[in-house]
Number of protein chains: 2
Amino acid sequence: MKYDAEVRISLKKGMLNPEAATIQRALALLEYQVENTSTVDLIRFQIQGDSEGAVKEEVDEMCQRLLCNPVIHDYTIKISAQEE
Amino acid sequence: MKYDAEVRISLKKGMLNPEAATIQRALALLEYQVENTSTVDLIRFQIQGDSEGAVKEEVDEMCQRLLCNPVIHDYTIKISAQEE
């Protein structure tokens with residue numbers, strides 16, 4: 001069965017986020033006052049699997065091995081079956 | 001009143017996504033077969049405003065002027081009032 005997977009990757013609390021800090025400063029230069037800017041990366045793909053649980057386990061392995069750096073990143077995984 | 005804003009930025013359909021292509025190839029090297037990989041960037045921040053509509057308009061302006069490239073990006077804006 002085919003599944004849609006979405007991995008949401010964000011920096012752990014307390015980690016410096018230069019990208020977000022740059023965005024906030026640039027917005028301030030354009031006179032937009034915003035606070036607590038943060039960035040989140042989403043990676044989406046489709047994957048074959050026997051069950052939602054098996055797919056979630058496999059995607060978690062992908063996160064551990066490639067997609068995320070468990071030292072600085074938090075990640076969440078969302079799996080949904082594709083309508084045939 | 002303070003609002004939470006979330007801007008979701010993705011490449012337009014048909015645009016080449018080198019980041020996603022690289023992720024898909026790297027996953028294949030680790031023997032994970034995935035398809036249709038895509039990436040989405042989320043930018044989140046807090047902003048003062050008079051109403052949800054006024055805030056949405058201001059955030060749309062930020063997207064047009066700084067956060068997105070309207071030629072290659074699609075973007076959606078989600079605004080939610082903060083509980084006091």
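For the structure, check the block above.
Let us look at the structure shown here. Owing to the predicted nature of the structure, the values given are computational and were not obtained by experimental measurement.

**A word on the relation of the copies chain B and chain A**
Working step 1: At an RMSD of 0.0 Å, chain B and chain A line up after a rotation of 180° and a shift of 0.0 Å along the axis. On this basis, the relationship between the two copies can be described by a two-fold rotation axis. Relative to the rotation axis, the C-alpha of Asp41 of chain B is the closest in chain B, positioned 2.5 Å from it.
Working step 2: When the interface residues of chain B are mapped onto chain A, 100% of them again lie at the interface, so the same face is used by both copies.

**Some details on helix H1 (residues 18-29) of chain A**
Each full turn of the α-helix corresponds to 3.6 residues, which orients residues three or four apart in the same direction.
Working step 1: The terminal C-alpha atoms of H1 of chain A lie 16 Å apart, and with 12 residues this matches the ideal 16 Å at 1.5 Å per residue to within 8%.
Working step 2: Residues Ala20, Ile23 and Leu27 of chain A constitute the buried set of H1 of chain A. In an axial view of H1 of chain A, the angular spread of the buried residues amounts to 60°, which keeps them on one side of the axis. Across from the buried face of H1 of chain A, at angles greater than 90 degrees, the exposed residues are Pro18, Arg25 and Leu29 of chain A.
Working step 3: Its buried side turned inward, H1 of chain A meets strand E2 (34-48) of chain A together with strand E2 (34-48) and helix H2 (52-67) of chain B.

**Quick notes on the pattern of salt bridges**
All names here are of chain A.
Working step 1: This model, assessed by the stated rule, comprises 6 salt bridges over all chains.
Working step 2: One salt bridge in this structure joins Arg44 and Glu6, with 2.9 Å as the shortest N-O distance. Here Arg44 is found in strand E2, whereas its partner Glu6 is found in strand E1 (residues 2-11), with 38 residues between them in sequence.
Working step 3: Assessed through its relative accessible area of 31%, Arg44 is described here as partly exposed.

What counts, and at which threshold
- Residues numbered from 1 in each chain as written.
- Chains lettered and ligands numbered in written order.
- Predicted model: local features only at pLDDT ≥ 70, side-chain atom pairs only at ≥ 80, totals over all residues.
- Heavy atoms only, no water.
- Least-squares fit on C-alpha atoms with pLDDT ≥ 70 in both.
- Contact = heavy atoms within 4.5 Å.
- Helix = DSSP H or I, 4+ residues; strand = E, 2+ residues; numbered from the N terminus.
- Expected span 1.5 Å × (residues − 1).
- Buried < 20%, exposed > 50% of the residue type's maximum accessible area, 1.4 Å probe, protein only.
- Arc of directions from axis to C-beta.
- Salt bridge = Lys/Arg side-chain N within 4 Å of Asp/Glu carboxyl O.

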